[in-house]
Amino acid sequence: GELASGVLWVTLLLASVITWTIWLAKSLELFAARRQLGRGLQALRQAKDLGEAQRNVPPDSPAGQLLLDAREELQLSATARDPAGTKERVSFRLERLVAASGRQMSKGTGVLATIGATAPFVGLFGTVWGIMNSFIGISKSQTTNLAVVAPGIAEALLATAMGLVAAIPAVIIYNHFARVTKGYLELVNRASGAAGRLLSRDLDRTHVSGGQRGRGRALRRRASWLCASDRRRGRLHGSHLDQRCRL
């Protein structure tokens, strides 16, 4: 009986230590990640293109990872003719990064949910076990004197209290991290949208400049063809022919 009671007490104490350890570690992790992501989001909003954003955002930050994935997909799709397809592929990669960020920040919180759900029942089991031992002690001593049975019953009830002490903080901390992680994911989504907008601007600039160069080449080819045609037909002579051909 004493061995089982000792195991229950150690289990509940260990659960409580794990709860507060996770709280401290995840609090520091989330604080650093939110601070770094906030600076990266500010740099993304101020940047005019992907190149400028990559120069101002650390590559190992969450925003830097978004930019690296966007740049990598842009390089892989350099020969693609349709910018819409490139934007769709980049959007898919950014969505996967956002989901991975959520999973990373949720690591460890499942243990809190387990502790919050099981610790009260572990404490209740300790109470039942302690009361059972108290009744066994009463039968052996053949007395109902309160001074004899009270210590065992009090120890048994204390096990339930310890189970609640371990479970209540675990549930509160779990809900807190769920809210904080949701806010962090909103920041990651904003950074993803900012990276997507920068990519869209770069693609639109490339498409417009490419279209202008294509129209310029077409006009030069047409002028050259007209010049050659006029020479063959003898429509232009002298300075008029030279001026037409220089165009």
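Here the structure is a predicted model, which is why all the values come from computation and not from measurement.

Enquirer: For this particular structure, what's the right way to read helix 5 (residues 109-141)?
Expert: Because an α-helix completes one turn every 3.6 residues, residues spaced three or four positions apart along the sequence face the same direction. With 33 residues, helix 5 extends 48 Å between its outermost C-alpha atoms, agreeing within 8% with the 48 Å of an ideal straight helix rising 1.5 Å per residue. Residue Gln-142 follows helix 5 closely and has a positive phi angle near 55°.

Enquirer: So what exactly am I meant to see when it comes to the nonpolar core here?
Expert: As a rule of thumb, nonpolar side chains are buried together in soluble globular proteins. Membership of the largest hydrophobic core comes to 33 residues, with the highest contact counts inside it found for Leu-37, Leu-44 and Leu-67. Counting only elements with at least two residues in this core, the list comes to helix 1 (2-46), helix 2 (50-56), helix 3 (62-76), helix 4 (83-106) and helix 6 (146-233). Ranked by residues supplied to this core, first place goes to helix 6 with 12 residues. Leu-12, Ala-15, Ile-115 and Ala-170 belong to the second largest nonpolar core, which has 7 residues in total.

Enquirer: Help me understand helix 4 in this model?
Expert: A rise of 1.5 Å per residue sets the reference length of helix 4, with its 24 residues, at 34 Å; its end C-alpha atoms lie 35 Å apart and thus fit the reference within 8%. Those residues of helix 4 that sit buried are Gly-85, Thr-86, Val-90, Arg-93, Leu-94, Val-98, Ser-101, Gly-102 and Met-105. Gly-108 lies just past helix 4 and shows a positive phi near 95°.

Enquirer: It is not clear to me how the confidence of the model for the chain should be interpreted in this structure. Could you clarify?
Expert: Interpretation of this model should avoid reading the predicted coordinates in detail wherever pLDDT is low. Looking at the chain, pLDDT values average 78 and 78% of them are 70 or higher. In the predicted structure, residues 208-216 sits below a pLDDT of 50 and forms 0 contacts with residues beyond four places in sequence or in another chain. In this model residues 235-244 is a low-confidence stretch, pLDDT under 50, and it forms 8 contacts with partners more than four residues away in sequence or in other chains.

Enquirer: Just to check I follow, could you spell out the pattern of salt bridges for this structure?
Expert: Under the counting rule described, the total for this entry stands at 3 salt bridges. Across the pair Glu-72 and Arg-93 runs a salt bridge, and its minimum N-O distance is 3.2 Å. Placement of Glu-72 in helix 3 and of Arg-93 in helix 4 is noted, with a sequence separation of 21 residues between them. Glu-72 gets classed as partly exposed once you look at its relative accessible area, which sits at 39%. Taken together, the shared-partner salt bridges connect Asp-69, Glu-72 and Arg-93 into one network.

Enquirer: Would you mind going over the packing of aromatic side chains with me for this structure?
Expert: Each aromatic ring pair is specified by the distance between its two centres and by the angle formed by the two planes. For the structure on display, the rule yields 2 aromatic pairs. Between Trp-20 and Trp-23 the ring centres are 5.8 Å apart and the planes differ by 80°, which places this aromatic pair in the edge-to-face class. Remark: Trp-23 and Trp-20 occur in helix 1; sequence separation between them is 3 residues, near one turn of the helix. A relative accessible area of 35% means that Trp-23 is categorised as partly exposed. Taking the centre distance of 5.9 Å and the plane angle of 40° together, the rings of Phe-125 and Trp-129 count as tilted.

Enquirer: Would you mind going over the side chain of Asp-69 with me for this structure?
Expert: Looking at where Asp-69 falls in the secondary structure, it is placed in helix 3. Beyond its immediate sequence surroundings of up to four residues, Asp-69 is in contact with Arg-93 and Leu-97.

Enquirer: Is there a simple way to explain the packing of helix 3 against helix 4 in this structure?
Expert: Two measures define how a pair of helices packs: the angle their axes make with one another and the distance between the axes. Between helix 3 and helix 4, the shortest axis-to-axis distance is 9 Å and the interhelical angle comes to 150°. In terms of their interaxial angle, helix 3 and helix 4 are classed as roughly antiparallel. For the pair helix 3 and helix 4, the crossing hand works out as right-handed. Where helix 3 abuts helix 4, its residues Gln-65, Leu-66, Asp-69, Ala-70, Glu-72, Glu-73, Leu-74 and Leu-76 lie against Thr-86, Arg-89, Val-90, Arg-93, Leu-94 and Leu-97.

Quick notes on the rules
- Residues numbered from 1 in each chain as written.
- Predicted model: local features only at pLDDT ≥ 70, side-chain atom pairs only at ≥ 80, totals over all residues.
- Heavy atoms only, no water.
- Helix = DSSP H or I, 4+ residues; strand = E, 2+ residues; numbered from the N terminus.
- Expected span 1.5 Å × (residues − 1).
- Core = buried A, V, L, I, M, F, W, Y, C linked by side-chain atoms within 4.5 Å.
- Buried < 20%, exposed > 50% of the residue type's maximum accessible area, 1.4 Å probe, protein only.
- pLDDT = per-residue confidence, 0-100.
- Contact = heavy atoms within 4.5 Å.
- Salt bridge = Lys/Arg side-chain N within 4 Å of Asp/Glu carboxyl O.
- Phe/Tyr/Trp six-rings, centres within 6.5 Å; stacked < 30°, edge-to-face > 60°.
- Axes fitted to C-alpha atoms, helices over the stretch in contact; angles between N-to-C directions.
- Parallel < 35°, antiparallel > 145°, perpendicular 65-115°, else oblique.
- Left-handed = near helix turned anticlockwise from the far one by under 90°.

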